[in-house]
Structure formats: structure tokens, C-alpha cells
Amino acid sequence: MTGFLRFLTSARTSWIVLVVAFAGVAALFALGSGATSDTAPATGLPDTAESVRVQKVLDTFPDADTTSALVVFASDDGEVLPAETVAAIQQKAFGDLVDLTPEGFIPPPQVSEDGTVALLVVPLAPEADVEAQAERAAEIRTLAADGLDGVRTYLTGPEGFEVDIAAVFDGADFTLLLTTVIVVAVLLLITYRSPWLWLVPLIVIGTADASAGIVARRVAAAVGVQLDASITGILSVLVFGAGTNYALLLIARYRDELRLAEDRREAMRRAVRGAGPAIIASGSTVALALATLLLGELSGNRALGLACAVGIIVAMAFALLVLPAALVLFGRWLFWPYVPRFGSPDAISRSPWGKLGRGVSRRPVVVALSGAIVLGALASGLFFVQTGLSQNDRFLQKPDAVTGQEVLAEAFSAGATSPATVVAPVADADAVVAAASGIEGVDSARLAEENGDWARVDVTLSSSAETPEAFATIERLRADLDTVGSGEALVGGLDAQALDVAGAQQRDQDLIIPLILVLVFIVLVILLRALLAPILLLLAVVASFFSAVGAAWWLFQTPLFGFPAIDTNVLLFSFLFLVALGVDYSIFLVTRAQEESRTLGTTQGMIRALAATGAVITSAGILLAAVFAVLGVLPLITLTQIGIIVCIGVLIDTLLVRTVIVPAMAFIAGDRFWWPRKPKVTDAEAAASQTTDAPEKVAAPVTRAERRKGVGVR
């Protein structure tokens, strides 16, 4: 290990590390990602899901290779559409729009009962090229609106949603990356108060982010996983957030060591040796927690877990290998105007966090109970949380397709815009139609087409799409049709797909959340060689998660956001990020406390650890919270909700849990905090070796002579 650190930091070889690293990055850029990403998230259901099985059957029908655009015409003033306007719409069905259809035919327009809305269904051939699809959609919009005064036109349906979702994600990755870089740069500048120090970690972590994106796509393509725009967005945020946290921890330790070592390269070796285990433990915890998503049913969950686990490993490698080599190229002046001079007083002794630690140590029970009350108050929103967003509710700004769908839902039967699709053997078709028509929540059922083996039955529901009532009707359809004929009937469609996604998400949640807790606990046990401390740390971070969700729900109900519910996958992803990343700060604190307790005992070791890490962890937490909040620049409410919940949770972890509650629990437990291991120096032994002003002496500067004797070695 010593030889490797010398190679990493010595004047003769550190530049080799940088040359090799950036040559590797250049090679990655030259090779490219080797894969393309979808512009929007897919459902990702497994093949066993009933709605997926229905779609496979539908693919065997003659019109399987067609899609459709729904063109909605609504009067501006809400009045009945004039007869001449309806005639003009009718003419469009035989005009230029026909040239866009595969068979040269468009069915006559449907007019709502109140006469205010007309619907034209335009059959189209599927178009895989996003740009060509967008051009065709623009042409449809232009032709549909041409010559119609006082009429609003909307393009919705499958074609409309695909085009609009692609449009709202267009350029989103660049916007997210630019915003993230600006936020990180500003916060690093504020943290270091140096005109140039912040550039080194920003460049290194920015390079890590670019590399992680390419490597993640390469790995995903190799195993047949598709990364969409939402996943690559979260990947960038995670790499920047975690990578910058690791950089802050390393640079803070480097600054401390520069006061104790005359040679900056020796100081860096000590810094890596001291901060490295905490960074490795932190990164391993996050990567393992993310890897649990690979066991999920939904391919989107698996893709996120794979990409982000790769990203964390890349960020950790750059922080531990490239950043030290980059920092030692420059002298101490890099920290100007606050240059850490050799032999200067120990900054830890003047840290306000040490004073806070001593204050907490005097009344740890009161502090812990007060902290628990605050967490409980924040978590009160959990009693009112609603989950599940419909397709129309997932956008921060409603695109044309969503508005058109809402106009249709108001003018026609509530479920007419998204009928359920039932496929059944041809021999059972009539019985299925009769049975479906009599089920509660069904408006009508009709035989649509046959292909020789299977029949397709369109079922119109009386409830609006993706509502609890619609889901209940789908469940009744599935249960009742299992007893009709051969029992082979399958129920699909938009509502059935949404119901299957919710069920798969719940199963993933039930599996992955306990698994994350077990993995994090195992990592903590191995790292701390204790049982009680890991249990207390896990309890604290889980409590902060519940508090974050509860507080976020109150925020979501304000006029500023007005979100009707939390999306189904938000809780799982938020739990994953908060537990994995939130426990990082406790790892940074407790590993330093473990190190200090070898000479100072548990209580004074925790006080000094809090004094030593307080500023850097607070800076890291605020930066990580801000970076996750940047997810709000993306167009999906799901990502905004994840960003806000993680932002709140990280701030709770940073400012309350790690600062007050974890130290208070350590003070209450005393030497038992490391149970079943007995600490090298107990609190009683530490107290006996100190004078009556021990707390002040503990925080006193460590001289070079004391350093050589091993006193206060960190």
C-alpha cells in the first residue's frame, strides 16, 4: 500500500497517473458509448405481465404494424361546433391527411354528444426515427389546423404522446449537466474560498461523469439493457454528488495533514491513507445498494441500478486515484488565500463543531429525544401520502398530447379515450363480450377483430383512465373472465399496463428495501467491527427517510407544487439514495471517531471526530442536496419528487442526524457503542489519563513531538 501511494503522489510518477487516466478517458470518448438511449422512460414490464402478454397477441393481428394519431378539434368558446366546421373536419379525412396513412383511409370524425368536440383517428405506420416522427407530427398539426377559425386542435393518442415526450426530453441531459456543473462550481467556490482550488475537483469529477456515462452505456449494451434519458440524468447527478463528496473529504484531510507534514506529497499519502477507507466504504455501500435493483422485475429499475452502480465505482476511482495525483502537482498556494502552513495551529481545536459536540455530550438523552421529536413531526405527512400518478399527471408542463387527452375525457365517455383490450380464443369471443358487458364499471364491450386464433374485444370503462376505480374494474375483468370459456382471456390496455407496473413496483419495493438494509448493515459491521453502532446508524438514517417523505408531502401539497400524489417508483428510489448516501455521512463521522477513540476514548473521540469532519460533511451534504434538487429542471414530476425528497433527506441527515442524533446516541451508549468489541481505550481510562480540563486538552493542537510519539495520531 505504501509503495502504491508513493507512486500515486511522488514527483516522478504522479504525472504518469494523470497521463494514463486521461489517455483512457480520451480512448473512451473515441470509442463512444456504443449504444443509443431512448428519449423517454419505458414501462419495462417483464414478459410474464398480463398486459405484455396481451400486446404479444395483438402483434399477430393484421394491423399490428400500425399506430394512430388522435386529432382533437374543440371550439375556442366551448360552444357547439358549427356545421360548416364539422364539414371542414370531415373534408380533412379525405384531404391531405390521407396521404400520411398507410392504406389511404381515415374513418369519419366522431363528434361528442354536446357537439363541442370532434375526434379524427388517423392511422399511421410506426416510425422509429425520432426526428422523422416529429416532422410527421408537425405536418399533421399544420394540416389539421389549416383553414379552421375559432377551433383549437390537439394531437394526442399513441403518436402524440411519443412525439411530445421526446420533445420534452430533447436537450434535457445538457440542461441538467449544465445546471449541475454551475451549482457544484458555485458551492465549491464558497466552500474553499479560493479562486482556483475548486477547479481541480470540478475538472476531475466532471471527467469522471463523462467517463461514467460512456462506461455505463457500454456495460448496459453488453447485457442488453437500455438506458433512457431519465436514467442518464440521475446518473450524472449521482456521479457529481457522490464524487464531489469524496473530493471534499479527501481535500479536507489533505489540508489537515499539510499542517503536520512539511512535504505536501507525504501529506497527501497520509490523507489518502486516512480518508481512503471511509471513501471506499461509502462508495461500496452505495454501489451495493444500487446493485440490489438488478433483482427487480421492472427493467427500468434494473437499468438504473446497473448504470448508477457503475457510475459510483467510476467516481470513487477518480476521487482516490486521479484527484490525489492532480492535487499534488500544485504547491500549497493552491489553497490561497487560506494556505495551510506547516506547523500552524490545529484548526480542529477552534472548530465550532467541537463545541457543539461537547454541548451534546452533557445532555445526550435530552438531545436524542428532542431530535426524535423533530423527526417525528416532519414524518407526520406520511399519514396523508397518496401514491400513483396517471400518465397525464407526470409532466411539470402539460404537452399538447396531455391537454388533448383531457379535452377528450371531458367530452366523451370517461373511459373512451383508453379502452381496455381483451384478447381471447375465437371460440370464447361471444361469451367474453357478454360477460364483460355485465361487469361493474364497464360501459360497453364489442368484438373488434379476429385473426383466426384470437379475437380482440374493446371494453370501454365508465371510469377515467388510471384512477382507482379504473384499476378496480380491470381487476374484476381479469378475475371474472378467468371463468369464461377456456379461461384463457387476457386483459390489457393502458389501465391494465399501469396496474401491472404498480404491482411490479410494489414487489420490487418489498424485495429491495429489506435487502438494502441488510447489505448496508453488513458493510457497517465489517467496517466498524461492531453490532450496536451499525444498528443505531441504520435506525437513524431510516428515520430521516420517513421524515424526508413526510416533509416533502407537506411541500407537495402547497400551491407551489400542487402534486396530487407521489409516483409509484419515487419511494423506492428515494429510499435507495437516502439510505445509501445518507449513511455516508455517518460513515465519515463514525470512522473518524473510531480512529480518534484509539487514543481519546469513545466520548472524546466522537467530539474530536465531529470537530474534524463537521465543516466538510456539512459542505458535502449541502452540495449533494443542491445537486439532487437540480433534477427539478427535467420535465418529469417523478424526477422532481425524487430530487426534492432526497434533498430534504440529505439536509436532515447532514444537519440533524449526523450532527446531533448520532453523537448523542454514541454518548448514551459510551463504550458499548462499539459492542461486542471493546475499545482500545475506554472512556474511564481516557478520563483517568487527563487533567480536570480534559475536554479542552483533547481538542488542543497536536505538536510534531506528540505526533512522533503517536499521541492523537489520525
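Please refer to the structure placed before this passage.
Description of the structure in this document.

Cut-offs and rules
- Residues numbered from 1 in each chain as written.
- Predicted model: local features only at pLDDT ≥ 70, side-chain atom pairs only at ≥ 80, totals over all residues.
- Heavy atoms only, no water.
- Salt bridge = Lys/Arg side-chain N within 4 Å of Asp/Glu carboxyl O.
- Helix = DSSP H or I, 4+ residues; strand = E, 2+ residues; numbered from the N terminus.
- Buried < 20%, exposed > 50% of the residue type's maximum accessible area, 1.4 Å probe, protein only.
- Patch = residues over 30% accessible without salt bridge, like charges linked within 9 Å, V, L, I, M, F, W, Y side chains within 5 Å.
- Areas by Shrake-Rupley, 256 points an atom, 1.4 Å probe, with all protein chains shown as cover.
- Pairing = 2+ DSSP bridges.
- Contact = heavy atoms within 4.5 Å.
- Axes fitted to C-alpha atoms, helices over the stretch in contact; angles between N-to-C directions.

## Details of the pattern of salt bridges
One side chain can pair with another of opposite charge once the charged atoms of both are near each other.
Turning to step 1, where the next piece is worked out: Applying the stated criterion across every chain, the model contains 19 salt bridges.
Turning to step 2, where the next piece is worked out: For R141, the salt bridge is made with D164, and the minimal N-O distance between the two is 3.0 Å. With a gap of 23 residues between them, R141 in helix α5 (residues 130–145) and D164 in helix α6 (residues 157–169) connect regions that are remote in the sequence.
Turning to step 3, where the next piece is worked out: Among the residues examined, R141 registers a relative accessible area of 26% and is labelled partly exposed.
Turning to step 4, where the next piece is worked out: Among the ionic pairs, E596 bridges to R608, the shortest N-O distance being 3.7 Å. Comparing E596 with R608 shows no difference in burial state: the two are buried.

## With respect to a nonpolar patch on the surface
Turning to step 1, where the next piece is worked out: A cluster of nonpolar residues, F174, L178, I182, V186 and I190, forms a patch on the protein surface that exposes about 500 Å² of accessible area.
Turning to step 2, where the next piece is worked out: Here L178 shows up in helix α7 (residues 172–192).
Turning to step 3, where the next piece is worked out: Taking relative accessible area as the criterion, L178 reaches 42% and is therefore assigned partly exposed.

## Observations concerning the sheet that holds strand β1 (residues 67–75)
Turning to step 1, where the next piece is worked out: Across the sheet, which stays open at both edges, the 4 strands sit in the order β2-β3-β1-β4 with antiparallel pairing between neighbours. The outermost strands of the open sheet, each flanked by one partner alone, are β2 (110–111) and β4 (151–156).
Turning to step 2, where the next piece is worked out: Pairing of β1 with β4, which is carried by 6 bridges, proceeds in the antiparallel orientation. From the neighbouring strand, F73 faces β4, where its bridge partner is T153.
Turning to step 3, where the next piece is worked out: Across the sheet, α5 touches β1, β3 (117–124) and β4, and the angle it forms with β4 is around 155 degrees.

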